[in-house]
Amino acid sequence: MIAIAYSIFWIAAAFKLADRNWKPYYPTLLYASLGNALYELICYKYQLWQMEPNGLPFAMIPMLLLILLGMPLSTWIYLSKFPFRKGLSSQVLYISLFVVLFVILEFLSIKWGAITYHHNWNLLWSLFFVIVMFIMLRIHYQRPMLALILSVIFSVFLCLMFNVSLDKMK
């Protein structure tokens, strides 16, 4: 049920906060969703974090809500309000705001049983992941190829760190 509440939150937030001109952000919205979908596919048999049904009939429902609504809508809000023309300190503060929001949402999801951790993943790793994620979204918006290359490097690092080997992938 948490996934439905979060989806409603992101829909309402997007209507209220996001720039109506969504087209410039579209490639990065797809990048955010695809990244999440690839994790779910690649780590299907060896999840580091796992969305739980949490009152819904299938775990696939919260996964799809995150992939199809949560990630693209939150990315749309994030990019449409990003302080591109302001200094580095403003940008760091803005990224930090989204990192804190996502970590709080994840913490609540853990407490309410909507997410479980496995194979030594924990909230500290999620914090690190979310920091990198928001930096990568920012990079992808202006330099997509660089973001893709850095994403592959970061993904390989995580696979090595958490023993996600080819035999554990679907």
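One can find the structure itself at the top, above this paragraph.
Keep in mind that what you see is a predicted model, and the values were worked out from it rather than measured.

Rules and cut-offs
- Residues numbered from 1 in each chain as written.
- Predicted model: local features only at pLDDT ≥ 70, side-chain atom pairs only at ≥ 80, totals over all residues.
- Heavy atoms only, no water.
- Patch = residues over 30% accessible without salt bridge, like charges linked within 9 Å, V, L, I, M, F, W, Y side chains within 5 Å.
- Areas by Shrake-Rupley, 256 points an atom, 1.4 Å probe, with all protein chains shown as cover.
- Salt bridge = Lys/Arg side-chain N within 4 Å of Asp/Glu carboxyl O.
- Helix = DSSP H or I, 4+ residues; strand = E, 2+ residues; numbered from the N terminus.
- Buried < 20%, exposed > 50% of the residue type's maximum accessible area, 1.4 Å probe, protein only.
- Contact = heavy atoms within 4.5 Å.

**Focus on a nonpolar patch on the surface**
- A cluster of nonpolar side chains, contributed by M145, L146, L148, I149, L150 and I153, occupies part of the molecular surface with about 530 Å² of accessible area.
- Relative to the helices and strands, I149 is located in helix α6 (residues 144–161).

**A closer look at unusual backbone geometry**
- Non-glycine residue N54 carries a positive phi angle of around 45°.
- Relative to the helices and strands, N54 is located in the loop between β1 (49–51) and α3 (60–80).
- Even without a glycine there, the phi angle at H119 is positive, about 55°.
- As for its position among the elements, H119 is in the loop between β2 (115–117) and α5 (123–142).

**As for the environment of I11**
- Within the secondary structure, I11 is located in helix α1 (residues 2–17).
- In this structure I11 comes out as partly exposed when scored by relative accessible area, which is 33%.
- Sequence separation between I11 and L105 is 94 residues, and the spatial gap between their C-alpha atoms is 15 Å.
- Once residues within four sequence positions are removed from consideration, I11 is found in contact with L69 and L73.

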